[in-house]
Amino acid sequence: MTTAAEHKSSGIGKDLVVYLCILALAAFQFVIAYQNIDASQMFVRMMIVAIVEAGLALLFFMHLWAENRGLLWFVVVFTVFVLLAMQYGWTDSFRLSGGVPWAK
Amino acid sequence: MSHADLTIGGPTAGLTAGPAFSVPAKKLAMWLFIIADTATFAACLVAYGFIRNATPNWPRPFHNITNVALMTFILVTSSLTMLLGIRAAKAGDKSGALRWTFITAAAGIIFALLHIREWLALIGEGMTLFQNPWGTGLFGSAFFSITGLHLTHVTAGVIALIVVGIRYQRGRYKADDLEILGLYWHFVDIVWMFVVPLVYLLNLAH
């Protein structure tokens, strides 16, 4: 069924390399957790690593890279749009943590 | 507009000619489900982040990360075994495909058992949905709802792996069906990549 012709023809080698990369990145997240850094910096570093991990899994484990480019853009654009749209409420979260300056 | 317009070359001809993105309907349906489920998990994680950021006495109860590290290793490895199963199925190796699919399901069961063990340990320390001994009661509801939603997905995936594996063996399902199920299983793995840092590692006791 798949249009992922590369997936069919390539060997297990690429999957294994991607698997090892994801494992290494996951381990790196645990290393970051023990670094003596600010929580916001820790959050940013962990999210960058998680996004790279997710990208590898999406492109190579789920073979999105080898699919029709239209499908790739459809998935990426819609997902990223929804994820970004959800960041709308952060100002209110900081308002709550910062002593409710605008509610008075 | 006549029926002929719709089927032969009318204004909507471009919308009805062939599968969208040259992807079979079942596979496209799974991708649409994954996009929708991404929104579900993202909403949970963003709400959790919102609450955590706005709550001063947020607990950091995790002292030992061995269990979550082991769970991560098992889930990522299960993605590889899923790939091996699909590869075997595409090559026509039915017994190999079934073996790897069941190994993937077994990994999912081990993951779920480790998760439940962790939950029981936390409950034993006094953590419930609405209170805990370390800080705000919101922590329990956030932790159990996010990890519970993920655990539900893993459980559903394990059941689907067993059912689809057996039906593939009996000839009712094809290698393509295993591949579509594989998309779901990898998605569950991807979600865990975000749950671990946000819910566990950022709440590590220092």
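Parameters at a glance
- Residues numbered from 1 in each chain as written.
- Chains lettered and ligands numbered in written order.
- Predicted model: local features only at pLDDT ≥ 70, side-chain atom pairs only at ≥ 80, totals over all residues.
- Helix = DSSP H or I, 4+ residues; strand = E, 2+ residues; numbered from the N terminus.
- Contact = placed C-beta atoms within 7 Å.
- Buried ≥ 20, exposed ≤ 12 C-beta atoms within 10 Å, placed from the backbone.
- Nonpolar A, V, L, I, M, F, W, Y, C, P; charged D, E, K, R; others polar.
- Expected span 1.5 Å × (residues − 1).
- Arc of directions from axis to C-beta.
- pLDDT = per-residue confidence, 0-100.
- Axes fitted to C-alpha atoms, helices over the stretch in contact; angles between N-to-C directions.
- Parallel < 35°, antiparallel > 145°, perpendicular 65-115°, else oblique.

### Some thoughts on the overall build of chain A
- Along chain A, the regular secondary structure elements total five helices and zero strands.
- Overall, chain A shows an N-to-C arrangement of helices and strands of α-α-α-α-α.
- Excluding contacts between residues fewer than 6 apart, the proportion of contacts in chain A whose partners are at least 24 apart in sequence is 61%.

### A word on the overall build of chain B
- Along the backbone of chain B there are seven helices and zero strands.
- Helices and strands appear in chain B in the N-to-C order α-α-α-α-α-α-α.
- Principal-axis analysis of the C-alpha atoms places the extent of chain B at approximately 70 × 45 × 20 Å.
- Taken across its 206 residues, chain B has 36% of its residues classed as buried.
- In chain B, the proportion of contacts linking residues at least 24 apart, taken out of those at least 6 apart, comes to 73%.

### Details of unusual backbone geometry
- The backbone phi angle of A:His63 is positive, close to 60°, even though this residue is not glycine.
- For A:His63, the location among the structural elements is in the loop between α3 (39-61) and α4 (69-85).
- In this structure A:His63 comes out as buried when scored by C-beta crowding, with 21 C-beta atoms within 10 Å.
- Positioned with a positive phi, B:Ser22 is a non-glycine residue whose angle comes to about 55°.
- Mapping B:Ser22 onto the fold places it in the loop between α2 (13-16) and α3 (25-54).
- Judged by C-beta crowding, with 12 C-beta atoms within 10 Å, B:Ser22 ranks as exposed.

### A look at the interface of chain A and chain B
- The partner chain B presents 37 residues to the 40 residues of chain A that form the contact.
- Mapped onto the side of chain A that touches chain B, the elements with two or more residues apiece are α2 (12-33), α3, α4 and α5 (90-97) of chain A.
- Sorting elements by how many residues they give to the side of chain A that touches chain B places α3(A) first, with 10 residues.
- In terms of residue class, the side of chain A that touches chain B is built from 27 nonpolar, nine polar and four charged.

### A look at helix α5 (residues 94-124) of chain B
- For α5(B), built from 31 residues, the straight-helix expectation of 45 Å at 1.5 Å per residue is met to within 8% by its first-to-last C-alpha distance of 45 Å.
- Those residues of α5(B) that are buried lie in contact with α4 (66-90), α6 (138-169) and α7 (175-200) of chain B.

### Concerning α2(A)
- Over its 22 residues, α2(A) runs 32 Å from end to end, which matches the ideal 32 Å to within 8%, given 1.5 Å per residue.
- The set of residues buried in α2(A) consists of A:Tyr19, A:Ile22, A:Ala26, A:Gln29, A:Ile32 and A:Ala33. Buried residues of α2(A), seen end-on, are gathered within an arc of 140° and therefore sit on one face of the element. Exposed side of α2(A), more than 90 degrees from the buried face: A:Gly13, A:Val17, A:Leu20, A:Ala24 and A:Val31 are the residues found there.
- Contact partners of the buried residues in α2(A): α3 of chain A together with α4 and α7 of chain B.

### Looking at the confidence of the model for chain A
- Put simply, chain A has an average pLDDT of 85, and 85% of its residues get 70 or more.
- Taken together, the stretch residues 2-8 of chain A has pLDDT below 50 and engages in 15 contacts with residues farther than four places along the chain or on a different chain.

### A short note on the environment of A:Val52
Residues and elements named next belong to chain A.
- Turning to its location among the elements, Val52 is positioned in helix α3.
- Look at Val52 and you get partly exposed, because 15 C-beta atoms sit within 10 Å.
- C-alpha separation for the pair Val52 and Arg69, spaced 17 residues apart in sequence, amounts to 20 Å.

### Some thoughts on the environment of B:Ala156
- For B:Ala156, the location among the structural elements is in helix α6.
- In this structure, the C-alpha to C-alpha distance between B:Ala156 and B:Gly108, residues 48 residues apart in sequence, is 9.9 Å.

### What to know about the packing of α3(A) against α7(B)
- The contact between α3(A) and α7(B) brings their axes to 9 Å, and the two run at 175°. On the basis of the axis angle, α3(A) is roughly antiparallel to α7(B). Along the contact surface, α3(A) presents A:Met46, A:Ala50, A:Glu53, A:Ala54, A:Ala57, A:Leu58 and A:Phe61, while α7(B) presents B:His186, B:Asp189, B:Ile190, B:Met193, B:Phe194 and B:Pro197.

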